[in-house]
Amino acid sequence: MPRYAITTFGCQMNVHDSERMHDVLRRAGYAEAGDPDEADVLVLNTCSVREKAEQKLRSEVGRLARWKRERPDRVLVVAGCVAQQEGERLLKQMRAIDVVVGPDNIPELPGLLGDLALGGLPIARTVFDTEAPRFLAASPPQGASAQGAPGRAPTAFVTIMKGCDERCSFCVVPYTRGPERYRPSDEIVAEIAGLVAAGTREVTLLGQTVNSYRDPLGALPAAPGASPDDPDESEFAALLRRIAADVPGLARLRYTSPHPRHLTPSLILAHAELAVLPRHVHLPVQSGSDRVLRRMIRRYTRAEYVARTRALAAAVPGLSLSTDIIVGFPGETEDDFAATLSLVREVGFKGLFGFKYSRRPHTPALRLPDDVPEDVKGARLSRLFEESEALLSAHLQGLVGTTQEVLVEGRDKERGHGGPGGALWSGRTGRHEIAHIEGAEELDLLGEIVEVAVVRANKHSLQAELTGAARAAARPRQRGGAEPGRPARRALPVLSAEGG
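As the structure is a prediction and not an experimental result, all values here were calculated from the model.

## Considering the confidence of the model for the chain
Inference 1: Per-residue confidence for the chain gives a mean pLDDT of 90, with 91% of residues at or over 70.
Inference 2: Note that pLDDT drops below 50 for residues 416-421; the model gives that stretch 8 contacts with residues more than four away or on any other chain.
Inference 3: Below pLDDT 50 for its whole length, residues 481-499 participates in 68 contacts with residues either more than four positions away or in separate chains.

## Here we look at the environment of E334
Inference 1: The topology assignment puts E334 in helix α12 (residues 334-347).
Inference 2: With 46 residues separating them in the primary sequence, E334 and R380 have C-alpha atoms 9.0 Å apart.
Inference 3: Apart from the residues lying within four places of it in its own chain, the contact partners of E334 are R380 and R383.

## Considering the nonpolar core
Inference 1: Core analysis: the biggest nonpolar cluster contains 54 residues, and I192 and L205 have the highest contact counts within it.
Inference 2: Take this core: its biggest share by element is 6 residues, from helix α8 (residues 236-246).
Inference 3: Setting aside its immediate chain neighbours within four residues, L205 contacts V158, I160, I192, V210, F236, L240, I243, L253, R254, Y255 and T256.
Inference 4: Grouped together as the second largest cluster of nonpolar side chains are 21 residues, A5, V78, M94 and A96 included.

## Focus on the sheet that holds strand β7 (residues 155-159)
Inference 1: On the basis of which strands lie adjacent, the open sheet formed by 3 strands has the order β7-β10-β11 and parallel pairing. The open sheet is flanked by β7 and β11 (252-256), the only strands paired with a single partner. For this sheet, the mean angle separating the axes of adjacent strands, direction not counted, is 25 degrees.
Inference 2: Along the sheet, helix α7 (residues 185-197) makes contact with β7 and β10 (202-206), crossing β7 at roughly 165 degrees.

## Focus on the packing of aromatic side chains
Inference 1: Summed over the entire model, instances satisfying the criterion amount to 5 aromatic pairs.
Inference 2: Note on Y182 and Y213: the rings are 5.9 Å apart at their centroids and 80 degrees apart in plane angle, and the pair reads as edge-to-face. Pair noted here: Y182 is in strand β9 (residues 181-182) and Y213 is in the loop between β10 and α8, with a separation of 31 residues, a long-range link.
Inference 3: Take Y182: its relative accessible area is 21%, and that puts it in the partly exposed class.
Inference 4: For the ring pair Y300 and Y305, a centre distance of 6.1 Å and an interplane angle of 35 degrees mean the geometry is tilted.
Inference 5: For Y300, a relative accessible area of 8% puts it in the buried group.
Inference 6: Members of the aromatic cluster, each reached through a chain of ring pairs, are Y300, Y305 and F349.
Inference 7: The ring of F135 has K162 sitting right over it, with the charged end atom 4.8 Å from the ring centre.

## Digging into the pairing of β10
Residues in a regular strand project their side chains so that they alternate between the two faces of the sheet.
Inference 1: Here β10 lies mainly inside the structure; 5 of its 5 residues are buried.
Inference 2: Residues E202, T204 and L206 of β10 are buried on one face, and the alternating residues V203 and L205, pointing to the opposite face, are buried as well.
Inference 3: As defined by bridge partners, β7 adjoins β10 across 5 bridges and the pair is classed as parallel. Its bridge partner lying in β10, T159 is registered against L206.
Inference 4: Looking at chain direction, β10 and β11 are connected through 5 bridges and run parallel. Paired with T204 across the two strands is R254, which belongs to β11.

## Thoughts on helix α2 (residues 51-70)
Inference 1: Taking 1.5 Å per residue, 20 residues should reach 28 Å; α2 reaches 30 Å between its end C-alpha atoms and fits that length.
Inference 2: Maximal helix bending in α2 amounts to about 30 degrees, located at L64.
Inference 3: Every buried residue of α2 is accounted for by A53, E54, L57, E60, V61, L64, W67 and K68.
Inference 4: Buried positions along α2 lie against β3 (41-46), β4 (75-80) and α3 (81-86).

## Quick notes on the sheet that holds strand β17 (residues 434-438)
Inference 1: Strands sit in the order β15-β16-β17-β20-β19 around a closed barrel of 5 strands; the barrel is mixed. Averaged over all pairs of adjacent strands, the angle between their axes in this sheet comes to 50 degrees, without regard to strand direction.
Inference 2: Across 4 bridges, the pairing between β17 and strand β20 (residues 462-466) is parallel. Its bridge partner lying in β20, A435 is registered against L462.

## Remarks on the environment of P36
Inference 1: Position of P36 among the secondary structure elements: in the loop between β2 (31-32) and β3.
Inference 2: Setting aside its immediate chain neighbours within four residues, P36 contacts A5, L42 and W67.

What counts, and at which threshold
- Residues numbered from 1 in each chain as written.
- Predicted model: local features only at pLDDT ≥ 70, side-chain atom pairs only at ≥ 80, totals over all residues.
- Heavy atoms only, no water.
- pLDDT = per-residue confidence, 0-100.
- Contact = heavy atoms within 4.5 Å.
- Helix = DSSP H or I, 4+ residues; strand = E, 2+ residues; numbered from the N terminus.
- Core = buried A, V, L, I, M, F, W, Y, C linked by side-chain atoms within 4.5 Å.
- Buried < 20%, exposed > 50% of the residue type's maximum accessible area, 1.4 Å probe, protein only.
- Pairing = 2+ DSSP bridges.
- Axes fitted to C-alpha atoms, helices over the stretch in contact; angles between N-to-C directions.
- Phe/Tyr/Trp six-rings, centres within 6.5 Å; stacked < 30°, edge-to-face > 60°.
- Lys NZ or Arg CZ within 6 Å of the ring centre and 35° of its normal.
- Expected span 1.5 Å × (residues − 1).
- Bend = angle between axes of the 7 residues up to and from the residue.

Put into structure tokens, the structure is as follows:
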């Protein structure tokens with residue numbers, strides 16, 4: 001049985017694509033290798049949102065040239081956004097690559113590998129499925145037929161749309177992911193129901209502009225608060241309401257990455273009325289300067305962003321917001337950057353992903369001079385992070401002594417928090433704070449939503465203990481059985497800077 005391994009760079013969409021590649025390869029008779037160096041087929045699933053991600057790919061392919069020389073029958077596959085962006089150029093530039101496959105061509109991967117094994121030449125397959133969009137659903141784990149069946153991670157990603165029509169001037173996503181295509185609501189609900197039946201507690205809906213969703217079947221009734229005359233209105237709120245109604249066993253429903261334009265009254269009302277939606281939204285803003293927002297072609301103003309987020313926060317008390325910000329965009333002045341810092345303070349973001357602008361192929365911003373020096377970009381990014389860290393620190397300190405509900409996603413062996421009694425359990429609160437749970441090594445908490453008391457704040461997370469009631473209700477760990485470790489490949493999902 002041939003063995004494969006997948007290395008993933010980038011955002012949640014890439015993580016989801018990797019999970020679907022695992023599914024299609026296993027169904028085709030491949031077995032996952034314990035060590036990538038032992039694989040017969042190695043897939044590098046790439047991101048092209050920032051230049052650094054492309055550099056990682058080129059460095060990794062250079063390192064793998066020796067891996068290929070040791071056994072010439074080994075196969076190196078490049079998938080994802082860089083594959084879509086570069087296509088056959090990758091085959092010409094890096095001779096170690098055998099197959100280049102775009103995100104829409106994942107179902108074809110086993111066939112491409114089969115052709116190669118029969119003597120076929122290296123091939124690039126990067127064709128958008130615009131005429132008949134395909135959305136790969138998660139395969140249920142073997143033997144999963146009842147709630148809590150083993151093998152399913154507590155959290156899962158479900159794609160509801162792909163591509164982007166926004167055309168932000170800095171973003172390569174419309175070129176690497178194509179135009180917006182939406183998945184039928186029936187398929188979305190069916191996949192989520194299957195995941196929940198297999199033990200999944202939390203689902204994150206994925207899309208480049210996830211809240212622009214429209215049902216191609218036209219099967220969703222208008223959501224309360226929706227205005228047909230609002231150009232920013234979509235059917236996303238209606239989809240959320242259908243999922244909540246049709247899959248009542250789902251504990252938490254998140255989504256990423258939304259666009260601020262589509263944070264409409266109907267979506268705000270859904271957050272106020274649906275208990276399944278946690279009190280956290282990641283809403284990319286990119287800049288606090290109206291002048292820079294216009295150059296970025298973001299299609300909203302600072303005042304509009306603030307008004308919509310204030311309306312959301314008023315409708316959902318205790319809600320936290322996080323965001324993405326680019327510093328050093330062409331033409332950004334010190335005054336523009338100061339406006340961004342003031343917006344961070346005004347909104348009070350509890351998390352922030354910041355990036356230095358880098359020129360991306362095929363983007364409109366290529367026509368603008370990259371006139372902010374690298375040292376200025378770096379200094380601005382440092383100042384942005386200082387502002388963000390101060391806000392996060394004050395927020396986490398304010399949670400000490402409170403009780404929170406945490407969805408336990410796995411063991412925390414990789415983060416160095418384990419003491420002599422063993423690794424801690426880790427998970428996230430409804431507001432998306434990471435929480436490490438002490439003193440529960442003898443219990444099986446995987447996939448449970450437990451009440452914890454916060455005992456101290458770390459730099460980016462909380463340290464907590466089970467409350468007495470949670471400890472009394474917890475399952476003891478099976479002695480002599482397998483150690484319940486972190487779910488395979490993904491336990492703590494991260495927020496994305498792609499799209500939005």
